[in-house]
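Examining the three-dimensional arrangement
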Amino acid sequence: MTNTLSRLARQPRSCAAALLTALVTGAAMAAPVYRVIDLGALYGKGASRASALNAKGDTVGDALARKTGALRPVLFGKGQPLDLITATGTDAVEGWATAINRSGDIAGRLVMRTGGVTRPFIYRQGALEVVDATACACPELGLSDLGHLLVTDWVKSDLVSRVRQPDGTWVPLKRWNGSDWTVGLAINRRGNLVVGYARRDFEFSQAVVWRNNKPEAVPGTEGSTVSHATAVNDRGDVAGDRS
């Protein structure tokens, strides 16, 4: 049986290209009134998916390009979604936007036209930076409000995460208790807390929190066969699962 670990329940994650907003009316304890906003699709037709939104409600994800059938990283807004590849003239054939911070900076992955390699990107103030690193297709990237970029890739046969600091330097996540894999799944707004899991000998997965890159098992998950930490806030509240 899988148990969800959550000290703090915040906001549901959107899995489709529609934004669900809550409007509280009347007394402070009144039930919220929800309305669904259609975020649209590229050129008005086709599939689209929302992956992340920030505190301002800015929403990012991906949408299907009708002519090529490829997914494009998009910023949803008024009218048609903005295709970040086309808008910046980036030499990529496909991509996904998976994170957006309070400032509106966007992170995601691109499949480059040359060589077909997958690289992370950051879109900031109308310009797209292709980060000089490779990134595997899973898990998603993380982006702090200060610009820390959390990326995971294969190193030989192991999944290893590292964080690009705002000054451009890379810091790998330290291994927990001799683990083979160190996988970061989320980073907080300040960039000083990363959560994810460590894996050793393909036997079990342990939920881990890295505080200033010092790994420790998430309390209450020790002894579980499989556990993951998937979300964290600036107070240190951690959400995840175990079984």
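Just so it is clear, the structure is predicted and the values come from calculations on it, not from any experiment.

1. Examining the environment of Leu 64
Positionally, Leu 64 belongs in strand β5 (residues 59-64). Along the primary structure Leu 64 and Arg 49 are separated by 15 residues, whereas in three dimensions their C-alpha atoms are 9.1 Å apart. Those residues within four positions of Leu 64 in sequence are excluded, and the remaining contacts are Leu 42, Ala 47, Gly 69, Ala 70 and Leu 71.

2. Brief notes about the nonpolar core
In this structure, Val 60, Leu 84, Ile 106, Leu 110, Phe 121, Tyr 123 and Leu 128 are the most contacted members of the largest nonpolar core, which totals 13 residues. When sequence neighbours within four positions are dropped, the list of residues in contact with Ile 106 reads Val 60, Leu 75, Leu 84, Ala 97, Ala 99, Ile 100, Phe 121, Ile 122, Tyr 123 and Leu 143.

3. Re unusual backbone geometry
Phi angles above zero are rare outside glycine, and Lys 156 is one such case at about 60 degrees. For Lys 156, the position within the fold is in the loop between β13 (149-155) and β14 (158-164). In this structure, Asn 177 is a non-glycine residue whose phi angle is positive, near 50 degrees. Tracing the backbone shows Asn 177 in the loop between β15 (170-172) and β16 (181-187).

4. Here we look at the sheet that holds β5
Judged by pairing direction, the sheet is antiparallel, and its four strands sit side by side in the order β4-β5-β6-β7 without closing on themselves. Each of the sheet's edge strands pairs with one partner strand only, and the pair in question is β4 (48-53) and β7 (82-83). Examined bridge by bridge, β4 and β5 share five bridges and lie antiparallel to one another. Note on β5: the bridge partner recorded for Ala 50 is Gly 61.

5. Structural notes on the pattern of salt bridges
Taken as a whole, this structure holds 12 salt bridges when the rule is applied. A salt bridge links Glu 216 to Arg 211; its shortest N-O distance comes to 3.5 Å.

6. Considering the pairing of β14
Counting buried positions along β14 yields six of seven residues, so the element is predominantly enclosed. Across seven bridges, β13 lies against β14 in antiparallel orientation. For Val 155, the partnering residue across the bridge sits in β14 and is Asp 158. Pairing between β14 and β15: three bridges, direction antiparallel. The residue bridging Arg 164 from the neighbouring strand is Trp 170, located in β15.

7. A word on the pairing of strand β6 (residues 71-76)
In this structure, β5 lies alongside β6, joined through six bridges in antiparallel fashion. Considered in β6, the bridge of Ala 63 is made with Arg 72. In sequence, β5 turns back onto β6 through a hairpin of six residues, with Gly 69 there showing a positive phi of about 75 degrees. As defined by bridge partners, β6 adjoins β7 across two bridges and the pair is classed as antiparallel. Note on β7: the bridge partner recorded for Val 74 is Asp 83. Two successive antiparallel strands, β6 and β7, enclose a turn made up of five residues, where Gly 79 displays a positive phi of approximately 80 degrees.

8. Focus on the sheet that holds strand β11 (residues 127-130)
The sheet built from four strands is open, its strands ordered β8-β9-β10-β11 with antiparallel pairing. Lying at the two open borders of the sheet, with one neighbouring strand each, are β8 (92-100) and β11. Across this sheet, the average inter-strand angle for adjacent strands is 30 degrees, counted without regard to direction.

9. Describing the packing of aromatic side chains
All told, the structure shown has one aromatic pair when counted by the stated rule. Both rings, one in Trp 154 and one in Trp 181, keep their centres 5.6 Å apart while their planes meet at 85 degrees; by these two values the pair is edge-to-face. On the criterion of sequence distance, the pair formed by Trp 154 in strand β13 and Trp 181 in strand β16 is long-range, its members being 27 residues apart. Relative accessible area serves as the criterion here: at 45%, Trp 154 is assigned to the partly exposed category. Directly above the aromatic system of Trp 170 lies the positively charged group of Arg 162, at a separation of 4.2 Å from the ring centroid. The ring of Trp 181 has Arg 199 sitting right over it, with the charged end atom 4.8 Å from the ring centre.

Thresholds applied
Residues numbered from 1 in each chain as written. Predicted model: local features only at pLDDT ≥ 70, side-chain atom pairs only at ≥ 80, totals over all residues. Heavy atoms only, no water. Helix = DSSP H or I, 4+ residues; strand = E, 2+ residues; numbered from the N terminus. Contact = heavy atoms within 4.5 Å. Core = buried A, V, L, I, M, F, W, Y, C linked by side-chain atoms within 4.5 Å. Buried < 20%, exposed > 50% of the residue type's maximum accessible area, 1.4 Å probe, protein only. Pairing = 2+ DSSP bridges. Salt bridge = Lys/Arg side-chain N within 4 Å of Asp/Glu carboxyl O. Axes fitted to C-alpha atoms, helices over the stretch in contact; angles between N-to-C directions. Phe/Tyr/Trp six-rings, centres within 6.5 Å; stacked < 30°, edge-to-face > 60°. Lys NZ or Arg CZ within 6 Å of the ring centre and 35° of its normal.

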